[in-house]
There are 2 protein chains.
Amino acid sequence: PVLTGLPSNSPKLIDLLDDTVPGIGTYEDFNTIDWVREKSKDRDRHREITNKSKHSTVALLFSISDAFSGWLLMLLIGLMSGALAGGIDIAAHWMTDLKEGVCLNGFWFNHEHCCWASNETTFQERDKCPQWKTWAELMVGVSEQGSVNVLNHFMYVSWALLFAFLAVILVRAFAPYACGSGIPEIKTILSGFIIRGYLGKWTLIIKTITLVLAVSSGLSLGKEGPLVHVACCCANILCHFFTKYRRNEAKRREVLSAASAVGVSVAFGAPIGGVLFSLEEVSYYFPLKTLWRSFFAALVAAFTLRSINPFGNSRLVLFYVEFHTPWHLLELIPFVLLGIFGGLWGAFFIHANIAWCRLRKNTRLGHYPVIEVLVVTLLTALLAFPIEYTRMSSSELISELFNDCGLLDSSKLCGYTSNSGSTSGSVNATAANGLGARLAGPGLYTAMWQLALALVFKMLITVATFGIKVTDLDVFLKAKQNIRAQASKHFFFFLISTLGGVTRMTVSLVVIMFELTGGLEYIVPLMAATMTSKWVADALSRESIYEAHIRLNGYPFLEAKEEFRHKTLATDVMRPRQSDPPLSVLTQSGMSVEEVERLIADTTYSGFPVVISQQSQRLVGFVLRRDLVISLENARRHQEGVVSVSAVLFTECDPPASPSAPPAVKLHNILDLSPFTVTVHTPMEIVVDIFRKLGLRQCLVIQNGRLLGIITKKDILKHMAQMANRDPESILFN
Amino acid sequence: PVLTGLPSNSPKLIDLLDDTVPGIGTYEDFNTIDWVREKSKDRDRHREITNKSKHSTVALLFSISDAFSGWLLMLLIGLMSGALAGGIDIAAHWMTDLKEGVCLNGFWFNHEHCCWASNETTFQERDKCPQWKTWAELMVGVSEQGSVNVLNHFMYVSWALLFAFLAVILVRAFAPYACGSGIPEIKTILSGFIIRGYLGKWTLIIKTITLVLAVSSGLSLGKEGPLVHVACCCANILCHFFTKYRRNEAKRREVLSAASAVGVSVAFGAPIGGVLFSLEEVSYYFPLKTLWRSFFAALVAAFTLRSINPFGNSRLVLFYVEFHTPWHLLELIPFVLLGIFGGLWGAFFIHANIAWCRLRKNTRLGHYPVIEVLVVTLLTALLAFPIEYTRMSSSELISELFNDCGLLDSSKLCGYTSNSGSTSGSVNATAANGLGARLAGPGLYTAMWQLALALVFKMLITVATFGIKVTDLDVFLKAKQNIRAQASKHFFFFLISTLGGVTRMTVSLVVIMFELTGGLEYIVPLMAATMTSKWVADALSRESIYEAHIRLNGYPFLEAKEEFRHKTLATDVMRPRQSDPPLSVLTQSGMSVEEVERLIADTTYSGFPVVISQQSQRLVGFVLRRDLVISLENARRHQEGVVSVSAVLFTECDPPASPSAPPAVKLHNILDLSPFTVTVHTPMEIVVDIFRKLGLRQCLVIQNGRLLGIITKKDILKHMAQMANRDPESILFN
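Residues numbered from 1 in each chain as written. Chains lettered and ligands numbered in written order. Predicted model: local features only at pLDDT ≥ 70, side-chain atom pairs only at ≥ 80, totals over all residues. Heavy atoms only, no water.

### Quick notes on the overall build of chain A
The criterion, for reference: In this description a helix means any DSSP run of H or I spanning at least four residues, a strand means any run of E spanning at least two, and both kinds are numbered starting from the N terminus. What makes two residues a contact is simply this: any of their non-hydrogen atoms within 4.5 Å.
Within chain A, the secondary structure is distributed over 28 helices and 11 strands. Considering only contacts within chain A whose residues lie at least 6 apart along the sequence, 74% involve residues at least 24 apart.

Written out as structure tokens, the structure reads:
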């Protein structure tokens, strides 16, 4: 609206587009953007290009390249994210193995590659070969003795500590924004908030490196959440090469929506699921155009990752699962029960996570992140090493659990887990915790408490595994496989339900699993389990882990899922309240530069309504504080003869003034002539709806043509917090 | 807004909710609903139930049942649509076979079932058995002679004519709305238009029966488009059993969105694709809640259909395809080329279809639908019978084309089509036409022209098939299979691209194909082909077949995909224009019943703004014509002492009046105190955005607090038509 005034000021329009007054139309850090204004700006830009393209061939070519730049950008994001994800997978795999030993043929081989290259590997024992030395073998020279095991254990713990220390130091020193899973912040950014540097190049570099370090150190965290952040960083950086996206916050957010689809696409190897994740979980404004582009980018990324083939199995993920056994209608009962457990566990997870984060925020615990990380890593590594299944990474464990048992299979699980129901139960819980953490997956600082829980379960597994080591091996192999298939199916369902309970995703989760398992066979029971899980978790607390974190951090996020159901009116929310002084307004003429500057200095509002006169209070328009400050400074510096008593005019035509008066400062071009208005009687449910759907920053309240007050996004959020019996002061930003 | 006034009139609110003044808050036929008002109504209802539930257990139970009624409704829709689709499949299969012969074991068996039951069927010749008699065998008694063939041909044509005649007569006599594919109308209804009876029970019954008849008569039309209409009819009928949905047009549209997902789910056996189809193609308002429910309903429907198992292959569709051969990067070139051809063909299809429909509308051709159908059926049947591949239904042909060739396969295609490229080319084209028609699939009247085109291709196939009958059979079987696989792959891609060009779907189409082929293998080339097809078709004409039909019928549909890019302002669009008489307004007090009634009689506007006084033109609210008429009639009939000179008051408090004056008619309760307003300077792009996102019917235009004009949805559509150089008078409804 600011830039699309009457045709008469179109020269100014072009000036503004070319940024001759630098800063006008931009935003400060930790502020909310105005979607309507951004979209208008983009339409103006597009119109200008289209008009020019009718006159010259160069402009026509430019117009065509502009039209396709969106698709090109998507291609680049897909390629870059896919390549990065592949690199992360390979590096994490290698470094995880490095904790146990090294390859003599070249230290850059991981365990599996090292033994592939060897001639002495047998089919039965694929993972044993002379080229691969554990650290103890390398240092002491003898294998499989008591002291050797202790030495291996020591090396394992040392490497883990080293990786964790490096990760936490890098994050602290170079990119504090690289901590955490990043999804709550990305959700907030997509809804129109500005956090400078959150998606910058330093965050990208450090996040990529520390992600590898953190996963390799054996901490119970997955790469799936952070990969969304990495993809969004890629997108943000690539946006800088395209004027269309660099200059426009709304357009850039469309690209970021697509990037979050790309992140999930490479994390789970599920392009369709990624698009639905972006649509269901993180995006705020998701037009059809973005849907198509997201899908394209997600496909390119998945294709790139597959070309890199980091797992050597032609699959996009390590834990590709195939269920082909049909299910019986009665089986729905255990599936729904698992859904209930998953929902309960998910709600508990969120509650505990938030409690721990709050503790860290409010006590001295938060002052020692490095020590916290090291202690947790030490404990994890010490306890994880003795048992084979906790020593391996979570993805490997899942892959181990789901691989079909053949007669020649080297996995010991094929013989083992079938013996007792309780065993598979606790194995499940551990891995579920691992994967539950995976998407919710906070990065370094924020997720420490998960580790504590994971430890409990890793201890449980210890007991369980020791328990079965003494049982027999080869009786009723067939029957056992059957039990194992059942157990892994139930494990899988519990895992999905937990994820559902933690993130409250439903459709996207089912589609991700559909792509992972590659068949419609289990889609009905999966849906039943995830829906149950969501209902149960929703009944306990309405917020998903992301929303809980957004609220914890006080970001101004207007949730689109929850309907506002209270019976308040605009008049109850608008400022000023009845006891407050009247609204600070500007008049369209008759104010001097000094008066305007004093008003700016006395208040902290981010914008001022402009009225015809203080008496009539008839609304003319709205002007943003930032634009006003910049324009006045600019006028004082560059316009001849502007002094403190110069008039400030928001009208187009000059009012009659005495010839001796100093020249007036004309600010008609920064005035938004079409501010959004509601009446005092408008129910808040409609106001909230307008704010959500149009992405407003503020809205003026009028009654019978007179301006009475203003409602900002922050006012609405505070009001909503109040109606939900929460502290309205928890909303921190505009 | 109307019903959510100040707390003081809450008794009236309850009255209105209980419909004591019948008709207030409802709409007339062929009018647009006000989404904001409908959603407000639903929130009020919900609030009331929640409040009551705190006081009694019965109310609490009612509140819980109300919360789950949405899910129950989805379950019912899924079950009903799935069962209907299964029934249609079985009936169409039987009646298609009935044209050729009858089963002696029982006339209700189709060819396949008849021979399954027989002991004399050999594995080599599964479709030959003595129990199945062609009509000629039954009547003349000898098989395979010249005259027999003529008799069979005659019977085939007669049955086809009978089916087509029955179909067209049923539609004409009982449910004219059952004609056509129905998707354009459903799209319009979902955007907030009212067409009474379009989704009624007669339409459902007749559409189901005639769908079977039309498909069986051998016309080149598929059941996929109409199945969406059938599912929506089911949803609409089931809505009547739930107060929540019966009374609220907005809530009902949410259910219909889900139902269209169900329709595609059962048509293609693709639940996820169905949900995306609803999201991408038909829905207007698609909140996340609807996404979850659509998904649930689509799954239930697919599950029901699978339980019925109409094709006896445990698949949801007859033409389940499996591609597992990997593709080479260079293959992208032919795939993209096929995409280009598909896009061209799709654009041509739309153009020809619309031209034919316009011809029928404007000339005498439209007066003889029965004769038109019969002529086309006659031609189709006459020409289709001689060749095996045109005699079978399109789905069977596709299934035949894609089944893997085994050594024992009875399909002659395994030996044949491999010989010449041209053959498979024309086979492709025919079937592509069949499937292209499938989704675009107009029903009886509107799709006649397709048949003409189909005929041309059926003739081409005749030539082609005669051409290969003479070639050898058994040489290089392996090599041929290879060629056939290539050909069917290319055919498949052409088919998809055509569908993409006709409907302009991309993501949903790819996902549907993903679910049909059951693998991610071909998702990248599919995406490349459909995107190319969409771009090519968009370059030729912007509209999909559905939008073209909506425009042809003059429905008031505000397209959400296309951005409004012109630089006009609200002042250019609003009524009254500068030369017109001033806006007809009501004043909040000071008008008599007679004056109001005269204003109503003199104008045709569907609503009137209410201002403080004619001089100030300060806006108070907006009142709908229908509500005003009903309230005045009600007052004249039931309120004591109301005469023509009685005052009409829109204020809450009584103005001082002489005691002798007749009692005033108070209409404060029907006044919308929070009408949407924009300023004269608001760019039309923002106005269009507001209308789209909030679903408005009208919006008032003010300048500096004074009411200047009004913009309705029809005004916007007319303006858009004008800007696109089309006839603004083509928009017919409000």
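### Things to note about the UniProt feature "domain: CBS" (unreviewed entry) in chain A
Our working rule: UniProt positions are given in the numbering used here, feature names are shortened, and annotations may be inferred rather than shown by experiment.
Following the UniProt record, one finds the feature "domain: CBS" (unreviewed entry) at residues 574-640 and 670-729 of chain A. Secondary structure content for residues 670-729 of chain A is 37% helix and 27% strand, and the end C-alpha separation is 32 Å.

### A short note on the relation of the copies chain B and chain A
The line we're drawing: Residues reaching a pLDDT of at least 70 in both copies supply the C-alpha atoms on which the copies are superposed by least squares.
Superposing chain B onto chain A takes a rotation of 180° plus a shift of 0.0 Å along the axis, which leaves an RMSD of 0.0 Å. Here the two chains are linked by the operation of a two-fold rotation axis. Looking at the rotation axis and the C-alpha trace of chain B, the residue lying nearest is Gly705(B), at 2.0 Å. Interface residue correspondence from chain B to chain A reaches 100%, placing this contact among same-surface, isologous pairings.

### A few points about the interface of chain B and chain A
Counted only if it meets this: Buried area: the accessible area, evaluated with a 1.4 Å probe, that two parts lose upon being put together, summed over both parts. Salt bridge criterion: a side-chain nitrogen from Lys or Arg within 4 Å of a carboxyl oxygen from Asp or Glu.
Counting from both sides, the interface comprises 75 residues of chain B and, opposite them, 76 residues of chain A. Across the interface of chain B and chain A, roughly 6900 Å² is buried in total on both sides, 67% from carbon and sulfur atoms. Counting the surface chain B buries against chain A, the share from its top three residues, Arg43(B), Trp292(B) and Arg565(B), is 10%. The tally of links from chain B across to chain A stands at 6 salt bridges. Of the charged contacts in the structure, one is a salt bridge between Arg47(A) and Glu685(B), with a shortest N-O distance of 2.9 Å.

### Here we look at the packing of aromatic side chains
Each aromatic ring pair is summarised here by two numbers: the centre-to-centre distance and the angle between the ring planes. Residues and elements named next belong to chain A. Put simply, the test is: Pairs were defined over the aromatic rings of Phe, Tyr and Trp, the Trp ring being its six-membered one, requiring ring centres within 6.5 Å. Orientation was assigned from the angle between planes: stacked under 30 degrees, edge-to-face over 60, tilted for the rest. Whether a charge lies above a ring is judged from NZ of Lys or CZ of Arg, which has to be within 6 Å of the ring centre and within 35 degrees of the ring normal.
Taken as a whole and assessed by the stated rule, the structure comprises 28 aromatic pairs over all chains. Ring centres of Trp108 and Phe109 lie 5.8 Å apart, and the angle between their planes is 40°; this geometry places the pair in the tilted category. The ring of Tyr285 carries the charged tip of Lys39 above its face, separated from the ring centre by 4.3 Å.

### Considerations on the pairing of strand 6 (residues 619-624) of chain A
Residue and element names in this part refer to chain A. Cut-off, in case you're wondering: Buried residues are those whose accessible area, probed at 1.4 Å on protein chains only, stays under 20% of the maximum for their type, while exposed residues exceed 50% and partly exposed ones sit between those limits. Only when DSSP finds a minimum of two bridges between them are two strands counted as paired.
Burial analysis of strand 6 places 6 of its 6 residues in the buried class, which makes it a mostly covered element. As paired strands, strand 5 (residues 607-611) and strand 6 are joined by 5 bridges and run antiparallel to one another. Each residue of the ladder has a partner; that of Pro609, found in strand 6, is Phe622.

### Let's talk about the sheet that holds strand 6 (residues 619-624) of chain B
Residues and elements named next belong to chain B. What counts here: Here an axis means a line fitted to C-alpha atoms, over the contact stretch when the element is a helix, while the angle between two N-to-C directions is reported on a 0 to 180 degree scale.
With respect to topology, 3 strands assemble into an open sheet ordered 3-5-6, the strand pairing being mixed. Every interior strand has two partners, whereas the edge strands, strand 3 (586-587) and strand 6, have only one. Sitting on the sheet, helix 26 (residues 625-638) touches strand 3, strand 5 (607-611) and strand 6, and the angle it makes with strand 6 is about 75°.

### Let's talk about the pattern of salt bridges
Residue and element names in this part refer to chain A. Under the criterion given, the structure shown has 52 salt bridges over all chains. Here Glu547 makes a salt bridge to Lys187, at a shortest N to O gap of 3.2 Å. One end of the pair, Glu547, is in helix 23 (residues 545-553); the other, Lys187, is in helix 7 (residues 183-190), with 360 residues separating them in the sequence. By relative accessible area, which is 13% here, Glu547 ends up buried. Residue classification places Lys187 among the buried positions, given a relative accessible area of 2%. Two residues, Arg360 and Glu372, come together in a salt bridge whose shortest N-O distance is 3.3 Å.

### What about the sheet that holds strand 5 of chain A?
Note on sheets: strands pair through backbone hydrogen bonds, and any given pair is parallel or antiparallel. All names here are of chain A. Taken in spatial order, the 3 strands line up as 3-5-6 in an open sheet, and their pairing is mixed. The open sheet is flanked by strand 3 (586-587) and strand 6, the only strands paired with a single partner. Both strand 3 and strand 5 contribute to a ladder of 2 bridges, which runs parallel. For Thr587, the partnering residue across the bridge sits in strand 5 and is Val611. Along the sheet face, helix 26 (residues 625-638) touches strand 3, strand 5 and strand 6 and points at about 75° away from the line of strand 6.

### Regarding the pairing of strand 5 of chain B
Burial within strand 5 of chain B is extensive, with 5 of its 5 residues counted as buried. Neither face of strand 5 of chain B is exposed, since Gly607(B), Pro609(B) and Val611(B) on one face and Phe608(B) and Val610(B) on the opposite face are all buried.

### Quick look at helix 26 of chain A
Every α-helix winds through 3.6 residues per turn, so residues three or four apart in the chain are directed the same way. Put simply, the test is: Every helix has an expected span of 1.5 Å times one less than the residues it contains.
Spanning 14 residues, helix 26 of chain A covers 20 Å between terminal C-alpha atoms, matching the ideal 20 Å at 1.5 Å per step. Taken as a whole, helix 26 of chain A has its buried residues at Asp627(A), Leu628(A), Ile630(A), Ser631(A), Leu632(A) and Ala635(A).

### Quick word on helix 8 (residues 201-216) of chain B
Residues and elements named next belong to chain B. The terminal C-alpha atoms of helix 8 lie 23 Å apart, and with 16 residues this matches the ideal 22 Å at 1.5 Å per residue to within 8%. Across the 16 residues that make up helix 8, a large majority, 12, are buried. Looking at the residues trailing helix 8, positive phi occurs at Gly218, about 90°.

### Quick look at a nonpolar patch on the surface
All names here are of chain A. Let me state the cut-off plainly: For patches, a residue must show more than 30% relative accessible area and have no salt bridge; joins then use 9 Å for like charges and 5 Å for nonpolar side chains, namely Val, Leu, Ile, Met, Phe, Trp and Tyr. Computed with the Shrake-Rupley method and a 1.4 Å probe, the accessible areas treat only the protein chains shown as cover for residues.
Side chains of Leu330, Ile333, Leu337, Phe341, Leu344 and Leu540 sit close together on the surface and give an oily, nonpolar patch of about 600 Å² of accessible area. When residues in the nonpolar patch are grouped by element, the largest group, 4 residues, is from helix 14 (residues 332-362). Among the secondary structure elements, Leu337 is positioned in helix 14. For Leu337, a relative accessible area of 42% corresponds to the partly exposed category.

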